[in-house]
Amino acid sequence: MTSTTTHSPAVPTLRTAQIPPNGLYEGHRVLRRLPDGAPSRPYELFDLAPQSATIGAEISGVDLSRPLTPELRAELNRALLEWKVLFFRQQHLSSLQQREFARNWGELETNPLLDTGDSDDVVRFDKGAGATPSFENVWHTDVTFRTRPAMGAVLQLREIPPRGGDTMWADMAAAYDNLPEDVRTRIDRATAEHDFLPGFRRFYGPERLAPMQDLFPPVTHPVVRTHPENGRRMLFVNTSFTTRIHGLERAESDELLRLLFQQAHVPEFQVRFRWQAGDIAFWDNRATQHYAVNDYGDARRVAERVAIAGDRPY
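Given the structure is predicted, the values throughout are model-derived calculations rather than measurements.

## Remarks on the overall build of the protein
Phase 1 of the analysis: Counting its regular elements, the protein contains 7 helices and 16 strands.
Phase 2 of the analysis: If you line up the protein on its principal axes, its C-alpha atoms span 100 × 50 × 40 Å.
Phase 3 of the analysis: Within the protein, the fraction of its 314 residues that count as buried is 52%.
Phase 4 of the analysis: When the accessible surface of the protein is totalled, it reaches about 15,800 Å², and 49% of it is carbon and sulfur.

## Notes on unusual backbone geometry
Phase 1 of the analysis: Phi at K84 takes a positive value of approximately 75°, unusual for a residue other than glycine.
Phase 2 of the analysis: Position of K84 relative to the elements: it lies in the loop between α1 (70–83) and β3 (85–88).
Phase 3 of the analysis: The backbone of Q90 sits at a positive phi, close to 55°, despite the residue not being glycine.
Phase 4 of the analysis: In this fold, Q90 is placed in the loop between β3 and α2 (95–102).

## With respect to the UniProt feature "domain: TauD/TfdA-like" (unreviewed entry) in the protein
Phase 1 of the analysis: Cross-referencing UniProt, the feature "domain: TauD/TfdA-like" (unreviewed entry) maps to residues 49–305 in the present numbering.
Phase 2 of the analysis: With 22% helix and 26% strand, residues 49–305 has its two end C-alpha atoms placed 23 Å apart.

## So, the packing of aromatic side chains
Phase 1 of the analysis: Throughout the structure, instances matching the rule amount to 23 aromatic pairs.
Phase 2 of the analysis: Here the aromatic rings of F200 and Y204 are separated by 6.0 Å at their centres, their planes lie at 20°, and the arrangement is stacked.
Phase 3 of the analysis: Looking at F200, the relative accessible area reads 1%, which means it is buried.
Phase 4 of the analysis: The class for Y204 is buried, based on a relative accessible area of 11%.
Phase 5 of the analysis: Within the aromatic cluster, the residues linked to one another by ring pairs are F135, F145, F196, F200, F203, Y204, F216 and F241.
Phase 6 of the analysis: Seen from the ring of Y204, R208 lies directly overhead, with NZ or CZ sitting 4.0 Å from the centre.
Phase 7 of the analysis: The ring of F236 has R225 sitting right over it, with the charged end atom 5.0 Å from the ring centre.

## Remarks on the sheet that holds strand β7 (residues 167–171)
Phase 1 of the analysis: Pairing in this open sheet of 3 strands is antiparallel, and the strands run β13-β7-β15 from one edge to the other. At either margin of the open sheet sits one strand with a lone partner, and together these are β13 (270–273) and β15 (288–292). Across the sheet, the axes of successive neighbouring strands diverge by a mean angle of 20°, strand direction being ignored.
Phase 2 of the analysis: Inspection of the sheet shows β7 paired to β13 by 4 bridges, in the antiparallel sense.

## Examining the sheet that holds strand β12 (residues 242–245)
Phase 1 of the analysis: Taken together, the 3 strands give an open sheet; going across it, the order is β9-β8-β12, and neighbouring strands pair in antiparallel fashion. The open sheet has two free edges, formed respectively by β9 (219–222) and β12, since each of these has just one partner strand. Within the sheet, the average angular offset between the axes of one strand and its neighbour, ignoring direction, is 35°.
Phase 2 of the analysis: Alignment of strand β8 (residues 191–194) against β12, held across 3 bridges, turns out to be antiparallel.

## Some words on the pattern of salt bridges
Phase 1 of the analysis: One pass over the full model with this rule turns up 30 salt bridges.
Phase 2 of the analysis: One salt bridge in this structure joins E193 and R244, with 3.3 Å as the shortest N-O distance. Here E193 is found in strand β8, whereas its partner R244 is found in strand β12, with 51 residues between them in sequence.
Phase 3 of the analysis: Ionic contacts of the salt-bridge type, sharing partners, join the residues R32, D36, D177 and R232 into one network.

## Concerning α2
Phase 1 of the analysis: The set of residues buried in α2 consists of S95, Q98, R99, F101 and A102. Down the axis, α2 shows its buried residues gathered within 160° of arc, on one side only.
Phase 2 of the analysis: If you follow the buried residues of α2, they end up packed against α1, β4 (108–109), β6 (152–159), β14 (280–284) and β16 (301–308).

## Here we look at the side chain of D171
Phase 1 of the analysis: Tracing the backbone shows D171 in strand β7.
Phase 2 of the analysis: One polar contact links D171 to T54, side chain to side chain, over a distance of 2.8 Å.
Phase 3 of the analysis: The residues touching D171, leaving out its near neighbours within four places in the chain, are T54, I55, K84, F269 and A287.

## Side note on the side chain of E75
Phase 1 of the analysis: By the secondary structure assignment, E75 is in helix α1.
Phase 2 of the analysis: The buried category is assigned to E75, whose relative accessible area is 10%.
Phase 3 of the analysis: A polar contact of 2.6 Å, which involves the side chain of E75, links it to the backbone nitrogen of L45.
Phase 4 of the analysis: Discounting chain neighbours no more than four positions away, the residues touching E75 are Y43, E44, L45 and F46.

Conventions adopted
- Residues numbered from 1 in each chain as written.
- Predicted model: local features only at pLDDT ≥ 70, side-chain atom pairs only at ≥ 80, totals over all residues.
- Heavy atoms only, no water.
- Helix = DSSP H or I, 4+ residues; strand = E, 2+ residues; numbered from the N terminus.
- Buried < 20%, exposed > 50% of the residue type's maximum accessible area, 1.4 Å probe, protein only.
- Areas by Shrake-Rupley, 256 points an atom, 1.4 Å probe, with all protein chains shown as cover.
- UniProt positions renumbered as here; feature names shortened; annotations may be inferred.
- Phe/Tyr/Trp six-rings, centres within 6.5 Å; stacked < 30°, edge-to-face > 60°.
- Lys NZ or Arg CZ within 6 Å of the ring centre and 35° of its normal.
- Pairing = 2+ DSSP bridges.
- Axes fitted to C-alpha atoms, helices over the stretch in contact; angles between N-to-C directions.
- Salt bridge = Lys/Arg side-chain N within 4 Å of Asp/Glu carboxyl O.
- Arc of directions from axis to C-beta.
- Contact = heavy atoms within 4.5 Å.
- Polar contact = N/O pair within 3.5 Å; in protein donor to acceptor, adjacent residues only side chain to side chain.

Written out as structure tokens, the structure reads:
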């Protein structure tokens with residue numbers, strides 16, 4: 001008999017090639033809208049149209065100018081927790097009606113750093129030719145420089161530009177879920193400093209900011225906060241106000257924060273809303289970041305926002 005020897009084919013050799021580490025990569029995203037074990041239930045008091053896989057839902061069949069019943073308030077709150085930002089078309093609320101709707105979720109918050117409308121708890125953004133810039137074209141969570149950042153906010157567009165002026169929101173629970181395991185391990189017990197100065201220094205000078213330094217000293221929050229109502233873990237740092245992670249050298253803190261800041265830029269975590277005059281957006285500030293797109297040039301865009309006071313993150 002003649003024996004034969006079988007040779008395995010040689011494994012091809014690949015050249016060395018890699019992309020820089022600690023960035024955003026293509027590939028599968030875990031998109032988990034509800035906490036583990038939470039059932040998905042229908043809504044009975046209004047119609048809800050999802051705008052993405054995990055964040056953003058348009059509500060119809062609700063008149064926000066009228067008082068909410070306890071049952072309607074409870075179902076809207078469940079929708080807010082599950083979708084993180086709710087959109088209501090063509091409501092055309094007065095400032096008083098907008099405030100009364102927001103008060104269903106708690107005490108209203110004032111912000112002496114921003115221009116106001118009809119009352120101290122209504123912030124007015126009036127943008128057009130020559131207007132002072134503000135928090136546009138940057139991903140951020142509102143007022144994390146406070147010890148108790150806002151629980152949520154109700155924004156209404158009074159006047160829209162002929163084109164552009166959308167607002168985007170990012171789901172920070174999904175952002176946390178999709179971090180590499182080693183990064184989650186590094187940040188799960190970490191804390192970070194938040195300061196109002198980096199965000200507001202983009203458009204205000206020392207004369208306006210210096211008197212506010214004693215009113216708003218730097219504060220410490222967890223890098224990953226726990227939602228007080230549903231227990232979700234969420235990334236809680238943002239470009240406008242988070243300055244450093246405690247316990248790390250500056251270079252290491254900066255590198256890690258840059259990675260964490262990038263997570264809001266992932267399209268699968270986002271929803272984008274195209275406004276009409278009179279529309280309302282109500283978002284959970286604990287679970288989201290948002291980005292006002294200033295792509296409308298010298299056209300005028302007028303919005304009013306009411307913020308709801310929040311709790312201390314943990």
